[in-house]
Amino acid sequence: MENKKLVVGNMKMNLTASEINKYVKEIDKKNYNEQVVFCPSSLYLPYFVGKSYKCGIQNIAATDLGAYTGEISIKQVASMKIDYAIIGHSERRAYYHETDEVVRRKVELALQEKVKIILCVGETLEEREALKTYKVLKKQLTTALKGLDIANNKKIIVAYEPVWAIGTGKVPTNSEIEDTIAFIKDIVSAICGFNLKVLYGGSVNDANIAKLNEIPNVDGYLVGGASNSVEKFNKIIEVVVNQ
Ligand code: 13P
């Protein structure tokens, strides 16, 4: 598993109960292994637990258990045997005002549990055009990771998701992704003293996955929109897992 690529579906706030039932029935026929991770709406997570594939929550609270209406604690996530938690997704940062410091707090809480962390980082279009991509990534990674006691480096995975590529159909070139991921790996190893897996996310779909999968230093993909279609997501999984 260590060197195998991951395919993570961030299904976001999509699909109703009848649609998710159909979806789960379909994926359960596929016999996916633990390289495949489904992150549906939290409500539906129990349908995805204890299968041949893995599952993850899209967000966790920045606080421990307590009187926080509508929130879900990482302790609850762990107690439900959910394998992964996405932390710091750009939609959380943009729409729910999650700062780098809040993201750091969530990482600290998640490190106390067995749940693996998918830490999202990425620059906006404005930052990219101002040539600030590396500066932004360095700040996001440093704030989230510096000084943490990460005894088990397999617990954290970084997902590089340029904000301008999410849901837009725009994707950086393979060499841009390769360079940025190399930069992220360098920063992470300077901060933590070891390497972490780095995924790419942003408009990954069944039509572009074969080309994206040629990038040598990518450890997997975080797929949004396309993961809500069993057919499209299956094509992506076939390219990455059966390569
Ligand atoms: P899209 O694949 O829809 O661009 O979304 C990417 C994403 O945000 C995954 O977390």
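See above for the structure.
Scoring rules and cut-offs
- Residues numbered from 1 in each chain as written.
- Predicted model: local features only at pLDDT ≥ 70, side-chain atom pairs only at ≥ 80, totals over all residues.
- Heavy atoms only, no water.
- Helix = DSSP H or I, 4+ residues; strand = E, 2+ residues; numbered from the N terminus.
- Rg over C-alpha atoms; globule rule 2.2 N^0.38 Å.
- Buried < 20%, exposed > 50% of the residue type's maximum accessible area, 1.4 Å probe, protein only.
- Contact = heavy atoms within 4.5 Å.
- Areas by Shrake-Rupley, 256 points an atom, 1.4 Å probe, with all protein chains shown as cover.
- Lys, Arg positive; Asp, Glu negative; His and termini not counted.
- Charge placed at Lys NZ, Arg CZ, Asp CG, Glu CD.
- Phe/Tyr/Trp six-rings, centres within 6.5 Å; stacked < 30°, edge-to-face > 60°.
- Lys NZ or Arg CZ within 6 Å of the ring centre and 35° of its normal.
- Pairing = 2+ DSSP bridges.
- Salt bridge = Lys/Arg side-chain N within 4 Å of Asp/Glu carboxyl O.
- Right-handed = clockwise from strand over helix to strand, strands pointing away.
- Near = heavy atom within 4 Å.
- Polar contact = N/O pair within 3.5 Å; in protein donor to acceptor, adjacent residues only side chain to side chain.

Trainee: An account of the overall build of the protein is requested, with residue identities and associated values reported.
Mentor: Looking only at helices and strands, one finds 9 helices and 8 strands in the protein. A compact globule built from 243 residues would reach a C-alpha radius of gyration of about 18 Å, and the protein, at 17 Å, matches this within 12%. The buried share of the protein, taken over its 243 residues, is 50%. Intrachain contacts of the protein at a sequence separation of at least 6 include 71% that bridge at least 24 residues. Carbon and sulfur atoms make up 50% of the accessible area of the protein, which amounts to about 11,800 Å² in all. Here the protein contributes 32 positive and 29 negative side-chain charges, whose respective centroids are spaced 3 Å apart.

Trainee: An account of the packing of aromatic side chains is needed here, citing residue identities and associated values.
Mentor: Under the counting rule described, the total for this entry stands at 11 aromatic pairs. Ring plane angle 15° and centroid distance 6.2 Å describe the contact between Tyr44 and Tyr47, whose orientation is recorded as stacked. Note on Tyr44: relative accessible area 11%, which makes it buried. The structure contains a cluster of three or more aromatic residues connected by ring pairs, namely Tyr23, Tyr32, Phe38, Phe48, Tyr53 and Phe233. A cation over an aromatic ring shows up here: Arg92 above the ring of Tyr96, its NZ or CZ 4.2 Å from the ring centre.

Trainee: I'd love a proper account of the pairing of strand E5 (residues 116-121), names of residues and values included.
Mentor: Summarising burial for E5: 5 of the 6 residues are buried, a large majority. Note that strand E4 (residues 84-87) and E5 share 4 bridges and pair parallel. Looking at the pairing, Ala85 lines up with Ile117 of E5. Bridge count between E5 and strand E6 (residues 156-160): 5 bridges; the pairing is parallel. If you follow Cys120 over to E6, its bridge partner there is Ala159.

Trainee: I'd like a description of the pattern of salt bridges, backed by residues and values.
Mentor: Scanning the entire structure with this criterion turns up 14 salt bridges. For Arg92, the salt bridge goes to Glu98, with nearest N and O atoms at 3.2 Å. Using a relative accessible area of 22% as the deciding quantity, one classes Arg92 as partly exposed. Judged by relative accessible area, which is 8%, Glu98 ranks as buried. One network of salt bridges, in which partners are shared, links Arg92, Glu98 and Lys106.

Trainee: Just give me the short version of the pairing of E6, but keep the residues and values in it.
Mentor: With 5 of its 5 residues buried, E6 lies for the most part within the structure. Across 4 bridges, E6 lies against strand E7 (residues 197-201) in parallel orientation. The partner of Val158 across the bridge, within E7, is Val198. In this fold, E6 hands off to helix H7 (residues 174-192), which returns the chain to E7; that crossover is right-handed.

Trainee: Break down the site of the ligand for me, with residues and values.
Mentor: Surveying the vicinity of the ligand reveals the residues Asn10, Lys12, His89, Glu161, Ala165, Ile166, Gly167, Gly202, Ser203, Leu222, Gly224 and Gly225. A distance of 3.0 Å separates an oxygen atom of the ligand from a polar side-chain atom of Asn10. In the environment of the ligand, an oxygen atom lies 2.8 Å from a nitrogen or oxygen atom belonging to the backbone of Gly225. The fraction of the free accessible surface of the ligand (310 Å²) that becomes covered by protein chains is 94%.

Such coordinate-based values are descriptive only and should not be taken to indicate function.
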